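Reading the structure
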Amino acid sequence: MITVIGLGPMGQAMVRGFRKAGHEVTVWNRTASRAEGLDASVAPTVTDALNASELVILSLTDYKAMYDILDGQPIKGKVIVNLSSDSPGKTREAAKWASEQGATFIDGGIMVPAEQVATDIAYVFYSGPEDAVRKYEPELSVIGKVKYVGSAPGLGQLFYQAQLDIFLTTLAAYLHATALIEAAGVPVTEYHEFALENFATVNFVLEDALKNIQSGEHPGDLANVIMMGATADHIVAASNESGVDPALPYAVKSLYDRAIAKGHGRDSWTSLYEVIKP
Ligand SMILES: NC(=O)c1ccc[n+]([C@@H]2O[C@H](COP(=O)([O-])OP(=O)(O)OC[C@H]3O[C@@H](n4cnc5c(N)ncnc54)[C@H](OP(=O)(O)O)[C@@H]3O)[C@@H](O)[C@H]2O)c1
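The rules behind each value
Residues numbered from 1 in each chain as written. Predicted model: local features only at pLDDT ≥ 70, side-chain atom pairs only at ≥ 80, totals over all residues. Heavy atoms only, no water. UniProt positions renumbered as here; feature names shortened; annotations may be inferred. Salt bridge = Lys/Arg side-chain N within 4 Å of Asp/Glu carboxyl O. Helix = DSSP H or I, 4+ residues; strand = E, 2+ residues; numbered from the N terminus. Phe/Tyr/Trp six-rings, centres within 6.5 Å; stacked < 30°, edge-to-face > 60°. Buried < 20%, exposed > 50% of the residue type's maximum accessible area, 1.4 Å probe, protein only. Near = heavy atom within 4 Å. Polar contact = N/O pair within 3.5 Å; in protein donor to acceptor, adjacent residues only side chain to side chain. Areas by Shrake-Rupley, 256 points an atom, 1.4 Å probe, with all protein chains shown as cover. Nonpolar A, V, L, I, M, F, W, Y, C, P; charged D, E, K, R; others polar.

- By the naming in an unreviewed UniProt entry, the protein chain goes by 3-hydroxyisobutyrate dehydrogenase and is assigned to Kibdelosporangium aridum.
- Regarding the protein chain, the UniProt comment filed under Sequence similarities (unreviewed entry) reads as follows: "Belongs to the HIBADH-related family."

Structure (structure tokens):
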């Protein structure tokens, strides 16, 4: 038996995945109607939902919702897997809170949208006690491949945030670039294939980036910060000229400006890392 608390699109997708894989599932959701149509046992109260299983999966908007639901409830002896998004700091606090109540706490982040949960491409970062993750790996694998990243609480959350850092910024960059094209009166369809091509170039460039970040050396023989910073300036100018919101390219330009001010003008773009890191 698996208990799932939280029946937004993600929780619902997990329940469907568990049922398809043959698991019995008990669910609870603040708004009871969201359980309608799910082939699961609907617990009338949170306490009943907790009493149904040792494994309790949370799929909530944030960690505050977890306290709203579980504070004062009998969680002793439960293995709580919180797959809700929040900051790593909030996640560490939650792990401490749960352990003070006698529960085992695992945090995680699902790296696919709801429609891809429980498919071959889904994967989920987890951190917390490895023995508990491995014990429930057969059940957790239904949601997506288990990517265990370490025992420190919040690490799974951090890997999730890091992936979304790239994802959200990339999506915003795509929208910005598309808006520049459309502002010139060109149909967005004429640009789209070039946007897609860009991702292959990024993959290629990142191979060298890792080497430079690891070594702390940023040779800029082929392309340097002054040249790329000038391009960043030009994108801000293009935005301003066409009335497209310049906030995103301006943030990028500011990294180049600060790298140049720090003496990295002749280095590779990877030297921006020296400005970004703490
Ligand atoms: N959707 C995605 O594509 C996606 C992808 C990866 C990760 N995630 C993460 O997975 C988590 C769940 O996603 P989702 O799209 O299903 O989220 P959601 O639509 O925000 O639904 C989350 C659930 O949280 C409940 N909830 C929120 N605040 C509550 C509170 N104070 N007390 C009790 N219940 C509360 C909601 O209950 P009610 O029904 O009563 O409102 C709902 O069941 C989020 O942390 C999200 O960031 C989502």
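Some points on the pattern of salt bridges
- Tallied over the full model, the rule gives 10 salt bridges.
- The salt bridge partner of Asp39 is Arg19, with a shortest N-O separation of 3.0 Å. Taken together, the residues Asp39 in the loop between strand E2 (25-28) and strand E3 (41-42) and Arg19 in helix H1 (residues 9-20) connect sequence positions 20 residues apart.
- With a closest N to O distance of 2.9 Å, Asp233 and Lys253 form a salt bridge.

Some remarks on the packing of aromatic side chains
- By the definition in use, this model includes 4 aromatic pairs.
- Here the aromatic rings of Tyr123 and Phe125 are separated by 5.5 Å at their centres, their planes lie at 90°, and the arrangement is edge-to-face.
- For Phe125, a relative accessible area of 9% translates into the label buried.
- Judged by centre distance (5.2 Å) and plane angle (55°), the ring pair of Phe125 and Phe159 falls under tilted. Highlighted residues: Phe125 in strand E7 (residues 123-127) and Phe159 in helix H7 (residues 155-183), separated in sequence by 34 residues.
- Connected via pairs of aromatic rings, a cluster forms that spans Tyr123, Phe125 and Phe159.

Examining the site of the ligand
- Lining the immediate surroundings of the ligand are 23 residues, of which Asn29, Thr31, Arg34, Thr61 and Ser85 lie closest.
- Contact between the ligand and Asn29: an oxygen atom at 2.5 Å from a side-chain N or O atom of the residue.
- Contact between the ligand and Leu60: an oxygen atom at 2.8 Å from a main-chain N or O atom of the residue.
- Coverage of the ligand by the protein amounts to 76% of the 890 Å² it exposes when considered alone.
- Looking at the shell around the ligand element by element, the count peaks at 3 residues for helix H3 (residues 63-70).
- When its residues are assigned to classes, the shell around the ligand shows 12 nonpolar, 8 polar and 3 charged.

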